[in-house]
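Commentary on secondary and tertiary structure
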Amino acid sequence: MKKIKTYKSLAVALTLALATTSCDPGDFGNMNISPNSPSAPNTAGFLSGALRNIGTMTTEMVPALYTQQFGDITYIEDSRYKTINFSFNNYYAGPLVAYQSIIDLNTNPDTKTTAAANGSNNNQIAVARIAKAYTYMWMTDRWGDIPYSQALKGKENFSPAYDTQQAIYTDLFKELKEAQAQFDGGAAVKGDILLGGDATRWKKFANSLRMIMALRISKVDPAKGKTEFAAAMADGVLTSNADNIKYTYLSEANNEHPLYNNYITTNRKDFAVSSTFMNYLSKINDPRIPGMADPNNLQKYVGVPYGVFPPTWKAQDVSLAASSIRQQNSSANVLTYAQILFSKAEAAKLGWISDDPKALYESAIKASIQQWIGASATDAVVNAYLQQPDVKYNDAKALEQIATQKWIALFYQGNEAWAEWRRTGYPVLTPAANPLNPSGQIPRRMAYPVTEQTLNKVNYDKALATQGADTQDTRVWWDKK
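Residues numbered from 1 in each chain as written. Predicted model: local features only at pLDDT ≥ 70, side-chain atom pairs only at ≥ 80, totals over all residues. Heavy atoms only, no water.

1. Digging into empty space enclosed by the protein
Overall, the coordinates contain two cavities of 30 Å³ or more when judged by the stated rule. Approximately 110 Å³ is the volume found for the largest cavity. Along the walls of the largest cavity sit Met 57, Thr 58, Tyr 134, Met 137, Trp 138, Asn 333, Val 334, Gln 413, Gly 414, Asn 415 and Glu 416, which together make up its complete lining. Among the elements of the structure, helix H1 (43-59), helix H5 (121-143), strand S6 (331-335) and helix H16 (414-424) are those that each provide at least two residues to the lining of the largest cavity. Residue classes in the lining of the largest cavity are distributed as five nonpolar, five polar and one charged. There is about 40 Å³ of room inside the second largest cavity. Along the walls of the second largest cavity sit Ala 403, Lys 406, Trp 407, Leu 410, Ala 417, Glu 420, Trp 421, Tyr 426 and Pro 427, which together make up its complete lining. Put simply, the parts of the chain that give the lining of the second largest cavity at least two residues each are helix H15 (398-409) and H16. (1 Å grid on protein atoms, 1.4 Å probe; cavity = no way out; pocket = protein on both sides within 12 Å on 5 of 7 lines; lining within 4 Å. Points joined across faces, edges and corners; volume = space filled by probe spheres on them. Helix = DSSP H or I, 4+ residues; strand = E, 2+ residues; numbered from the N terminus. Nonpolar A, V, L, I, M, F, W, Y, C, P; charged D, E, K, R; others polar.)

2. Details of the pairing of S6
In terms of burial, S6 is a largely internal element, four of the five residues being buried. Where strand S4 (residues 245-248) lies against S6, four bridges are found, and the strand directions are antiparallel. Bridge assignment links Lys 246 to a residue of S6, and that residue is Asn 333. (Buried < 20%, exposed > 50% of the residue type's maximum accessible area, 1.4 Å probe, protein only. Pairing = 2+ DSSP bridges.)

3. Quick notes on the nonpolar core
One finds Phe 70, Trp 143, Trp 202 and Phe 205 to be the most contacted residues of the largest nonpolar core, which totals 137 residues. Ignoring anything within four residues of it in the chain, the contact list for Trp 143 reads Phe 86, Ser 87, Phe 88, Tyr 91, Trp 138, Arg 445, Met 446, Ala 447, Tyr 448, Pro 449, Gln 467 and Val 476. (Core = buried A, V, L, I, M, F, W, Y, C linked by side-chain atoms within 4.5 Å. Contact = heavy atoms within 4.5 Å.)

4. Quick look at the packing of helix H12 (residues 337-350) against H15
One way to put it is that H12 packs onto H15 with a least axis distance of 10 Å and a crossing angle of 170°. Taken together, the axes of H12 and H15 lie roughly antiparallel to each other. Residues Gln 339, Phe 342, Ser 343, Ala 345, Glu 346, Lys 349 and Leu 350 of H12 touch H15, and the partners they reach there are Ala 398, Leu 399, Ile 402, Gln 405, Lys 406 and Ala 409. Here the contact of H12 with H15 is composed, by residue class, of seven nonpolar, three polar and three charged. (Axes fitted to C-alpha atoms, helices over the stretch in contact; angles between N-to-C directions. Parallel < 35°, antiparallel > 145°, perpendicular 65-115°, else oblique.)

5. Some words on the pattern of salt bridges
Summed over the entire model, instances satisfying the criterion amount to 28 salt bridges. The residue Glu 420 makes a salt bridge to Arg 216 at a minimum N-O spacing of 2.4 Å. Separated by 204 residues along the polypeptide, Glu 420 in helix H16 and Arg 216 in helix H7 (residues 199-216) bring together distant segments of the chain. Counted as one network, the salt bridges with shared partners bring together Asp 141, Arg 216, Glu 346, Lys 406, Glu 416, Glu 420 and Arg 423. (Salt bridge = Lys/Arg side-chain N within 4 Å of Asp/Glu carboxyl O.)

Right under this line is the structure:
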């Protein structure tokens, strides 16, 4: 039976070489020194291990199945919404505790001088705060209310209360704004496998996240959304495809691209581009198809029938993800310039900013096409595409067009695509024909890990009383009709 790969956080390894010394009478040498309590913790190692989770968070397949960008080939289960409960435990025990440790070690007077060997204290704290905020944003967008203010306390609190998503978002705006202003121009951060210690890029990442979060709350708190959006823009966001935030996998088995692992290493071929996605792209003659999908064995682009059971096809009959994006060392898109431009286009249409929504919409499409097909994205190709009837800007349908084009641009950015679909309602998707969940509807959230019902029952029950039933159909705070 197929299992969706569970992305576990990678343990952060700390090593310490203990020098041997001659022992005087009564000197017990290193006998009382614990090798598990190193005196010089390696914050660079903490950071590298924690950041590896960003790749797996970005490429997780389940949300991409919910948004019908992908479909199952053989085991038609998660495109039929079989899995109800998803665990967040590994994120708390792994990357989040690592980021918090980096912050603490660079703050504590007893450790900050040693920690500074891996970058200035302020720079390390800023990077850890931004990465930590991104992880919490990713989590709350999936589960809604989650432990936040009382989390990461270790033995001080094994049963943390849940914070509302509204409270979490409010604090994340603060954290990201403060963190991007905290970089001090000192030594660059070591162990940064995401952005190479580039403070400017981390600032743009933080501010771009603030912009995305501002639009997330456009239906529940438009006034705050407008204010936060403008503040994020003023502080500086992504300005070209060269700024795209990507997690790059390695040409080695322990950190290879998940689709390479699925298609090549294990030869499973569990997922293909879905018929919903492929049919729409074919309808509008989308030039990005070759950058997203491979033709089948008949050299045709054919999406796998979405959520249809039983399967009557094989992997060679349908279009797998494009070879160019699933090499062992391929990159995964975490946040892109096109996404920022689409966000600006929507903000302009909402009246949040004074820019021209049509110009931003067309620029966003151009940036996305260039991102996906590179040199093939000539002006002629882009202009021809912009004249397609369903693509050509129509002010009366602008919000639908922007959201639909963003859905295309966010291909294989599963969690982001799922959040945008829930928030906007576009494109209009039909649930799987043979669903396995009780309601038969596309999930609006992921249910909490079952362990919370016993290990943290009091706070779990309080969260349900505030947010609603622990089901796939309960909407998170910002997901309003």
